[in-house]
Amino acid sequence: MNDPFGAAIKEYFEKGKAPDLVVNSNYTEDENIPVSYFFRNESEMPELEKKALQLCRGSILDVGAAAGCHALVLQNRGQNVTALEQSELAVEVMKTRGIPKTISSDIYEFEGAQFDTILLLMNGAGIGGTVNGLKKLLFHLKPLLSEGGQILIDSSDIKYLFEEEDGSMWIDLSNDGYYGEMEYEVSFRNIKSAFDWLFIDFNLLQKTAMETGFKCEQMFKGEHYDYLAKLEIYK
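Rules used in this analysis
Residues numbered from 1 in each chain as written. Predicted model: local features only at pLDDT ≥ 70, side-chain atom pairs only at ≥ 80, totals over all residues. Heavy atoms only, no water. Buried < 20%, exposed > 50% of the residue type's maximum accessible area, 1.4 Å probe, protein only. Helix = DSSP H or I, 4+ residues; strand = E, 2+ residues; numbered from the N terminus. Right-handed = clockwise from strand over helix to strand, strands pointing away. Pairing = 2+ DSSP bridges. Contact = heavy atoms within 4.5 Å. Axes fitted to C-alpha atoms, helices over the stretch in contact; angles between N-to-C directions.

Colleague: Lay out the pairing of strand β3 (residues 60-63) with the relevant residues and their values.
Modeller: A regular strand places its side chains on the two faces of the sheet in alternate fashion. Side chains Ile-60 and Asp-62 project from β3 onto one buried face, and the interleaved Leu-61 and Val-63 project onto a second face that is buried too. The parallel pair β3 and strand β4 (residues 81-85), bridged by helix α3 (residues 69-76), forms a crossover whose chirality is right-handed. Pairing geometry for β3 and strand β6 (residues 115-120), over three bridges, is parallel. If you follow Leu-61 over to β6, its bridge partner there is Ile-118.

Structure follows, in structure tokens:
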């Protein structure tokens with residue numbers, strides 16, 4: 001499996017430095033992600049992430065844990081956290097960093113356990129890939145929630161990318177889908193991976209959550225169109 005994220009995380013962990021990850025999409029070019037971003041401590045995290053970590057309770061599943069920065073904060077607080085990450089290389093790093101409860105799996109292949117909190121950060125909604133894919137993800141997460149459990153998920157409304165100086169918006173006529181459905185290609189050295197990635201505005205997330213049996217509440221709003229939401233199953 002092409003694993004630019006895992007290769008970057010492993011190199012940075014072993015050498016203390018690594019080239020940036022490079023992201024290209026159908027709307028942007030050559031955006032750099034410093035690998036150190038995945039090794040942030042709590043003081044380096046944005047307020048949205050700090051709020052999410054404060055809201056975590058009970059048994060916690062950290063989905064897409066990467067190098068384990070959020071799992072480490074929760075673990076150091078004495079909370080019961082399991083880090084799930086599909087990159088085997090990243091899981092190796094997390095174990096070496098002292099996170100014993102790790103699972104190397106795609107979220108869609110993980111089942112048979114329940115958690116009080118499912119945490120999806122760093123644009124966790126992106127894992128869905130598309131709006132319909134997010135519905136699939138939420139349906140899959142339902143049986144993983146214990147009674148009264150919660151999903152904490154973040155995303156951003158990227159409509160600002162399409163705004164003109166006069167306040168109007170340009171429309172990509174080649175794309176008949178939702179504007180937040182993006183095509184990503186991430187590369188590290190000579191390793192590349194292409195996938196769909198979703199940025200979803202809160203109103204559409206709320207609608208999507210309701211269609212899949214969740215109530216959705218906005219818990220935090222950031223300064224750059226980003227937000228944190230809490231989803232709970234309707235009783």
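Colleague: I'd love a proper account of the environment of Pro-4, names of residues and values included.
Modeller: As for its position among the elements, Pro-4 is in helix α1 (residues 4-15). With relative accessibility at 1%, the residue Pro-4 sits in the buried group. Residues Pro-4 and Phe-199 lie 195 residues apart in sequence; the distance between their C-alpha atoms is 21 Å. The residues touching Pro-4, leaving out its near neighbours within four places in the chain, are Leu-21, Val-186, Ser-187, Phe-188, Ile-191, Lys-192 and Ser-193.

Colleague: Summarise the sheet that holds strand β1 (residues 21-25); cite the residues concerned and give the values.
Modeller: Strand order across the open sheet formed by four strands is β2-β1-β8-β9, with antiparallel pairing between neighbours. Only two strands of the sheet have a single partner each, and these edge strands are β2 (31-33) and β9 (191-198). Taking each pair of neighbouring strands and ignoring which way they run, the sheet shows an average axis angle of 30°. Bridging between β1 and strand β8 (residues 181-188) involves four bridges; their strand directions are antiparallel. In the sheet register, Val-23 faces β8, and the bridge partner there is Val-186. Sitting on the sheet, α1 touches β1, β8 and β9, and the angle it makes with β8 is about 40°.

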